[in-house]
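A look at the structure
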Amino acid sequence: MINKVTLLGNIGQDPEIRTTQGGKELASFSLATSETWKDKASGEKKTKSEWHKVVIFNDNLVNLVKNYTQKGSKIYIEGKLQTRDWQDKDGNKKYTTEIILNGFESKIVLLDNKEDNKPKMSESDDKAFKEAETSLDDEIPF
C-alpha cells in the first residue's frame, strides 16, 4: 500500500519548533495550497486555498525548516498522511489529520530565491558576522 502526499505551497506562519521529552526537536506549520480558475459565468478569476497541517520529525528537515524558512516561504514537500485522535478539555474526542515528514521517504525543496533562503540570524549574530567580515577584509595583505 502507498501513503504518500506531495504538496507545493506557502508556509502560513513561522514554523514552530518544539522539543520532545527525549530532547528531539520537531517542527510544525500550516501550508497553504491554492488553485486558481476563471469563472465561466462571470469571467472573473477565482482562487481557493486549502490549509494543511505539517509536522516534521526528521532531524535534517527540522534544521532546514528552522534555519531557512519563515511565513510565506514557498516549499515543495513529500510526506505521508496521518490521522490521530485526542480529547479536548471537555473530554470530547477530536481528530486531526496531518502531513508527517519522518524518515528517508520524506522530502523538502525550498523554492524561494537564494536571497530569501539565507540562514536566520539574531541581530547580535548578524552584527558579529558583519564585524568578522569587515575585520577579515582588513587583514588581507594584497
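Residues numbered from 1 in each chain as written. Predicted model: local features only at pLDDT ≥ 70, side-chain atom pairs only at ≥ 80, totals over all residues. Heavy atoms only, no water.

Right, let's get into the overall build of the protein. When you go through the protein residue by residue, the secondary structure sums to 2 helices and 7 strands. Each helix and strand of the protein, placed in order from N terminus to C terminus, yields the pattern β-β-β-β-α-β-β-β-α. Counting the 142 residues in the protein, one finds 26% classified as buried. Partitioning the intrachain contacts of the protein with sequence separation of at least 6 by distance along the chain shows that 58% fall at a separation of at least 24. Accessible area of the protein: about 10500 Å², with a carbon and sulfur share of 49%. (Helix = DSSP H or I, 4+ residues; strand = E, 2+ residues; numbered from the N terminus. Buried < 20%, exposed > 50% of the residue type's maximum accessible area, 1.4 Å probe, protein only. Contact = heavy atoms within 4.5 Å. Areas by Shrake-Rupley, 256 points an atom, 1.4 Å probe, with all protein chains shown as cover.)

Together, L8, V109 and L111 line one region of the surface with nonpolar side chains, adding up to about 220 Å² of accessible area. Of note, V109 is situated in strand β7 (residues 107–110). The class of V109 is partly exposed, set by a relative accessible area of 31%. (Patch = residues over 30% accessible without salt bridge, like charges linked within 9 Å, V, L, I, M, F, W, Y side chains within 5 Å. Salt bridge = Lys/Arg side-chain N within 4 Å of Asp/Glu carboxyl O.)

What follows is about the pattern of salt bridges. Tallied over the entire structure, the rule returns 7 salt bridges. The salt bridge partner of E16 is R18, with a shortest N-O separation of 3.6 Å. The exposure class of E16 is partly exposed, given its relative accessible area of 41%. Relative accessible area serves as the criterion here: at 36%, R18 is assigned to the partly exposed category. For K66, the salt bridge goes to E25, with nearest N and O atoms at 3.0 Å. Pair noted here: K66 is in helix α1 (residues 59–68) and E25 is in strand β3 (residues 25–38), with a separation of 41 residues, a long-range link. For E25, a relative accessible area of 25% puts it in the partly exposed group.

Turning our eyes to something else, we now look at the side chain of T96. Checked against the element boundaries, T96 lands in strand β6 (residues 93–101). A distance of 2.7 Å separates the side chain of T96 from the side chain of W86, its partner in a polar contact. With residues near it in sequence (within four places) discarded, T96 still touches K53, Q82, T83, R84 and W86. (Polar contact = N/O pair within 3.5 Å; in protein donor to acceptor, adjacent residues only side chain to side chain.)

Membership of the largest hydrophobic core comes to 16 residues, with the highest contact counts inside it found for F29, L31, V54, I56, I77 and L101. Elements represented by at least two residues in this core include exactly β1 (5–11), β3, β4 (45–56), α1, β5 (74–87) and β6. The residues touching L31, leaving out its near neighbours within four places in the chain, are L7, G9, N10, I11, E50, W51, H52, V54, I75 and I77. (Core = buried A, V, L, I, M, F, W, Y, C linked by side-chain atoms within 4.5 Å.)

The next point concerns the environment of K4. With respect to the helices and strands, K4 occurs in the segment before β1. Using a relative accessible area of 53% as the deciding quantity, one classes K4 as exposed. Note: C-alpha distance between K4 and I100 (96 residues apart in sequence) is 9.7 Å. Setting aside anything within four residues of it in sequence, one finds K4 in contact with E78 and G79. A distance of 3.4 Å separates a polar atom in the side chain of K4 from a polar atom in the side chain of E78.

From the geometry alone we can't say anything about function, so treat these as descriptive.
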